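# Chain and residue survey
Each chain is listed here by its residues.
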Amino acid sequence: MMDSDSQTRLAENWRAVQQDVQAAVTAANRPDDSVTIIGVTKYVDAETTLALVNAGCRVLGENRPQVLWKKNEEVAFPDDVQWHLIGHLQRNKLRRSLPFRPMIHSVDSPRLLTAIVEEAAAQQIPTKVLLEVNISGEEAKTGLKPQELRPMIESHLGSSESGEVEIVGLMAMAGWGTDADAARQQFAATRQLRDELQQQTGVALPELSMGMSGDFAAAIAEGATMVRIGSRLFEGFLPTP
Ligand SMILES: *Cc1c(COP(=O)(O)O)cnc(C)c1O
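Residues numbered from 1 in each chain as written. Predicted model: local features only at pLDDT ≥ 70, side-chain atom pairs only at ≥ 80, totals over all residues. Heavy atoms only, no water.

## Looking at the environment of Gln200
Along the chain, the position of Gln200 falls in helix α7 (residues 180–201). Spatially, the C-alpha atoms of Gln200 and Arg150 are 7.9 Å apart, while their sequence positions differ by 50 residues. Those residues in contact with Gln200 that lie beyond four places of it in its chain are Arg150 and Glu154. (Helix = DSSP H or I, 4+ residues; strand = E, 2+ residues; numbered from the N terminus. Contact = heavy atoms within 4.5 Å.)

Structure follows, in structure tokens:
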């Protein structure tokens, strides 16, 4: 069990993050409920993850599917917890992952999208996905090149098997070591790309997953609908770098 000091600290962190996100939403003149906080729990064990849920965070992100499975074996999460897979996903991990009904943020190849379509059809599980775009242009970053997105959306649209899988938006990360201005420009470019794709394909892409602990305010100013926040939530729990 978590001791009560830790439980209190976690509840304070969750409240502080909610407040800061809300302040960024207000500063951007956006409606109060326009941004969802995804609590990124990849840094902590199952028990601490559950403690965050009990503090009120019902939307969780993991970057490794094996960890998602394992945590669900170790503790019983409430039914209303929504899981998001945010890290590079191997196709052979889909079969065990889909029953958790995750939103998949990290679709970074046509092959992965095809595999999700096949597995979702086989298990008859409606699945929402985001296309991950490498907006910083860094070689080391995962994600699709901007010009790869349109053909993927169009071929998904044209395929009769896509039934269970809906592409609902884009995910992006700012490049390593980018300063606040550069990060904001990359988020703006992601939104612009989304707007163009909507126009070109006629597919609604309402979701923009962008912004982490260090840059969520800039992402919200540029239209993020989901921010993925990890280290800010676990201040006091993690070794300081
Ligand atoms: C770890 C991670 C996050 C959270 O990052 P923090 O800086 O700890 O908030 C967000 N998105 C992805 C894809 C991650 O892997």
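## As for the site of the ligand
Lining the immediate environment of the ligand, one finds Val40, Lys42, Tyr43, Ile86, Met173, Met212, Ser213, Arg228, Ile229, Gly230 and Ser231. Within the contact set of the ligand, an oxygen atom lies 2.8 Å away from a side-chain nitrogen or oxygen of Ser231. Protein coverage of the free-state accessible area of the ligand, which is 390 Å², stands at 89%. Residue composition of the shell around the ligand, by class: 6 nonpolar, 3 polar and 2 charged. (Near = heavy atom within 4 Å. Polar contact = N/O pair within 3.5 Å; in protein donor to acceptor, adjacent residues only side chain to side chain. Areas by Shrake-Rupley, 256 points an atom, 1.4 Å probe, with all protein chains shown as cover. Nonpolar A, V, L, I, M, F, W, Y, C, P; charged D, E, K, R; others polar.)

## A short note on the nonpolar core
Membership of the largest hydrophobic core comes to 65 residues, with the highest contact counts inside it found for Val21, Leu131 and Val227. The contact partners of Leu131, leaving out residues within four places of it in the chain, are His105, Val107, Leu144, Leu149, Met152, Ile153, Ile167, Gly169, Leu170 and Met171. Formed by 7 residues, the second largest nonpolar core is a distinct cluster that contains Ile38, Met103, Val168 and Met171. (Core = buried A, V, L, I, M, F, W, Y, C linked by side-chain atoms within 4.5 Å. Buried < 20%, exposed > 50% of the residue type's maximum accessible area, 1.4 Å probe, protein only.)

## Side note on the UniProt feature "modified residue: N6-(pyridoxal phosphate)lysine" (unreviewed entry) in the protein chain
When the UniProt feature table is mapped onto this chain, "modified residue: N6-(pyridoxal phosphate)lysine" (unreviewed entry) is found at Lys42. In this fold, Lys42 is placed in the loop between β1 (36–40) and α2 (46–54). Here Lys42 falls in the partly exposed class, since its relative accessible area comes to 36%. Excluding anything up to four places from it in sequence, Lys42 contacts Gly61, Glu62, Asn63 and Lys71. (UniProt positions renumbered as here; feature names shortened; annotations may be inferred.)

## Details of the pairing of strand β5 (residues 127–133)
Counted residue by residue, β5 has 6 buried out of 7 residues, so it is predominantly covered. As a crossover connection, the stretch from strand β4 (residues 103–107) through helix α5 (residues 110–123) into β5 is right-handed. Relative to strand β6 (residues 165–172), β5 runs parallel, the two sharing 7 bridges. Residue pairing in the sheet places Leu130 in a bridge with Gly169 of β6. The parallel pair β5 and β6 is bridged by helix α6 (residues 146–158), and the resulting crossover is right-handed. (Right-handed = clockwise from strand over helix to strand, strands pointing away. Pairing = 2+ DSSP bridges.)

## Describing the environment of Ser213
As for its placement among the helices and strands, Ser213 is situated in the loop between β7 (207–209) and α8 (216–221). Residue classification places Ser213 among the buried residues on the basis of a relative accessible area of 17%. Residues Ser213 and Val227, 14 residues apart in the sequence, show an inter-C-alpha distance of 8.5 Å. Filtering out sequence-adjacent residues up to four positions away, Ser213 remains in contact with Arg228, Ile229, Gly230, Ser231 and Arg232. Among the polar contacts made by the side chain of Ser213, one reaches the side chain of Ser231 at a distance of 3.4 Å.

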